[in-house]
Each structure stands twice: as structure tokens, then as C-alpha cells.
Amino acid sequence: MELIEKIGSSTDEGPKIWAVSSGKGGVGKTFVSTSLAFTLSKLGHSVIIADLDFSGANVHTALGLRPSHLNIRHYIEGSKSLNELVIPTPFPHLSYVQGYWDTWSPADISSLNTQVLMQDLKKLKADYIIIDTGAGTTEKYLDIFRFADEKILVTSTEPTSIEKTYRFIENFICYSLKDKSTPEAFNSLIKTLRDYRQRILGKPFSFRSYLKESEGFTLEPFLALSRQPVRLVLNSVRSQSLVELGYSMKSVCYKYYDLRIDYVGGLDYDNAVWQSIKNREPVLIAQPFTPLAGQFLAMCKHLIDPEELRAVV
Ligand SMILES: Nc1ncnc2c1ncn2[C@@H]1O[C@H](COP(=O)(O)OP(=O)(O)O)[C@@H](O)[C@H]1O
Ligand SMILES: [Mg+2]
């Protein structure tokens, strides 16, 4: 437990860890991870992208590179240290850890200890580690998200993605409370949430009042989730009016989950994104003056500690 709190603290020595997740697949996590990494590296920071999408690693493709034989499988199997897996890219200040790609069977990650992984990532020599995860609420991904210094949640503007984003947030809250409560209290919370969803609870559900009133919980871990807020990114925005959707989602989280999240902004839908991936040249490199470059720069400036920002600009 002490280790979890230590890893989760942004005052730690070592690189800042930003994890990029989503409720639904295909909404742009890899595009966002790699573009945040490019933007930070262009600001002069040293950045490592860790491809931890265990079922569909493709950071190498987004970077326009061939997959490397050396990959995270070697770390999981114990034959290489994480440090030995950091591969330079042709882009200044940017390296990456190749994801799990060289097997046809689904990656066996059951032996992976996520806390140790996060601790090992913190030991790497870089200013930032950007973790590209897979979609959904697999426990390993929720763990990575929980331990990261910044928790970036990507959604598209489509209802299917929005629904899964809320589901992810709800799962994330519950998962964060799981080891901070008794098993009986946790099971009772899950049952109450189910009753609420099935409209048989008979009254509005509030995490805050439920946790306050129920035996077996302490409120503090829940309140901490709002202090280190989930950062919502709206990707593939096709019209200006849709940018507002992020603010509505923020209000919904506050109203229904008593959770403060931070909406960090929208990213345009741009055909140049998929065209550049096809041409194996990342869009921020092929088109450095695309409006997307400004949108990513604004996000990075928002997320970088103001002290650090003063040092680089
Ligand atoms: N802002 C955008 N505009 C246009 N296409 C996008 C945008 N973001 C992502 N895409 C495209 O959507 C597809 C899925 O993106 P990807 O980053 O691989 O999603 P994920 O990692 O969530 O599965 C890719 O083909 C990518 O080119
Ligand atoms: Mg991806």
C-alpha cells in the first residue's frame, strides 16, 4: 500500500508518468500518446513512449517505424530490464519501448506486477514517460492508470465512445476503492450501483454520501481522485459545437459520480492523421503547422508543471 501511494505521488523523483487510456478502442489513444510525446520532445524534454497495449501494440506504426524484435515481452518474461528495452527513434529526445507484438496468442500478462512495472518506469532516464495502454477496464490497465502521475482519458464524440467513457470512469472509481475497503463493503457498493442502474434503488445514488454513510469505507481515497483528476481529451472533433461536449461530460461526472475531472480540450478530426500513418510519417512531423500541433501544445502546457514550463520556454 505504501508503494502505491509513493508511485502515485507526482512529487517523486524520476520521470513524470502520463498514462493514456480509453473506454472504447479505436478512439485515438495511440495518436494522442505519440502526439503528446512529440510535443513534449519538441519543447526540449526527453520522452519515452511505453507501448503497453498488450493486445494491439502499434506505437511503432504511429511513429513510422518497423517493430523491434526487442519488446516488452522480454521484460515480462524476465530476460531484459526495462532500461535495456528503450529504443531510440529518429526524432530528437524521443525513445520508445516496443509493445508486445511477436506472438499470435493473446499476450500472457498475468505474471506482470503492475506496481513493480511502474516503479521500474520511474527509474528510466527521461523527463516524461508516456504510456499507451489498450482500451477498456482490464485490471492491469486500471492499475497503470491509477499509478500514473497524469491520467489521460481519450474519447471520441460518438455516443458509443461516450457511454464507454462513463463506464470506464465508474469502473476506475470502484477499482480505486477496492483495496481501501472491506470485501463486504465493496460487494455491497457494487450491488447498490447495480440496483441504481436498474432503477430499483428508489433514490439517487451519490458516491460521496454512500461512502460517508456505509461501514467499511473511508472517504479520503475517493476525495483524492478529484485532487489528481482524470484528464479528459475529446478526439476527432468534427465541428466547433462538439468541443463543448467535453464540458458537458465534466458536469455529468460531477453530478452523477461526485467526481471532478479536468477537460483538457478537443482535437480536430483531420484526414491528414490517417493519411500520415499510411505514409509512415507522423502528422506533427509531416505538417508541423497543422492546427492539431497548437491543440497538443495547449494540452501539454496545461499538463506540465508551471515551474517546469518556465524552464523550457
Ligand atoms: N483526430 C483524428 N483525425 C482523424 N483520424 C484520426 C484522429 N485520431 C485518430 N485517428 C485515426 O483513427 C484510427 C484509430 O486511432 P488510434 O490512435 O490507433 O486509436 P486507439 O489507439 O485508441 O485504438 C487511426 O487510423 C487514426 O489514424
Ligand atoms: Mg492504440
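Residues numbered from 1 in each chain as written. Chains lettered and ligands numbered in written order. Predicted model: local features only at pLDDT ≥ 70, side-chain atom pairs only at ≥ 80, totals over all residues.

Visitor: Please provide a residue-by-residue account of the sheet that holds strand β7 (residues 230–237), values included.
Guide: Read across the sheet, eight strands follow the order β3-β4-β2-β5-β1-β6-β7-β8 without closing on themselves; strand pairing throughout is mixed. Of all the strands in the sheet, just β3 (86–88) and β8 (262–268) have a single pairing partner and so form its edges. For this sheet the average axis-to-axis angle between neighbouring strands, irrespective of direction, equals 25°. Helix α2 (residues 29–42) contacts β1 (16–21), β2 (47–52), β4 (94–97), β5 (128–133), β6 (150–156) and β7 of the sheet and is inclined by roughly 170° relative to β5. Along the sheet, helix α12 (residues 245–257) contacts β7 and β8; its crossing angle with β7, the most-contacted strand, is approximately 145°. (Pairing = 2+ DSSP bridges. Helix = DSSP H or I, 4+ residues; strand = E, 2+ residues; numbered from the N terminus. Axes fitted to C-alpha atoms, helices over the stretch in contact; angles between N-to-C directions. Contact = placed C-beta atoms within 7 Å.)

Visitor: Pulling in residues and values, what's your account of the pairing of β6?
Guide: By the criterion of burial, β6 is predominantly enclosed, with seven of the seven residues buried. Along β6, one buried face is formed by E150, I152, V154 and S156 and the opposite face, lined by K151, L153 and T155, is buried too. Judged from the four bridges that link them, β1 and β6 form a sheet pairing that is parallel. Note that in β6 the partner of V20 across the bridge is I152. The pairing of β6 with β7 spans six bridges and is classified as parallel. Bridge pairing in β7 places I152 opposite R231. (Buried ≥ 20, exposed ≤ 12 C-beta atoms within 10 Å, placed from the backbone.)

Visitor: With reference to specific residues and values, describe the site of ligand 1.
Guide: By nearness alone, 16 residues border ligand 1, and G28, K29, T30, F31 and W274 come closest of all. Those elements giving two or more residues to the shell around ligand 1 turn out to be α2, β7 and α13 (271–278). A per-class count over the shell around ligand 1 returns seven nonpolar, seven polar and two charged. (Near = placed C-beta within 6 Å. Nonpolar A, V, L, I, M, F, W, Y, C, P; charged D, E, K, R; others polar.)

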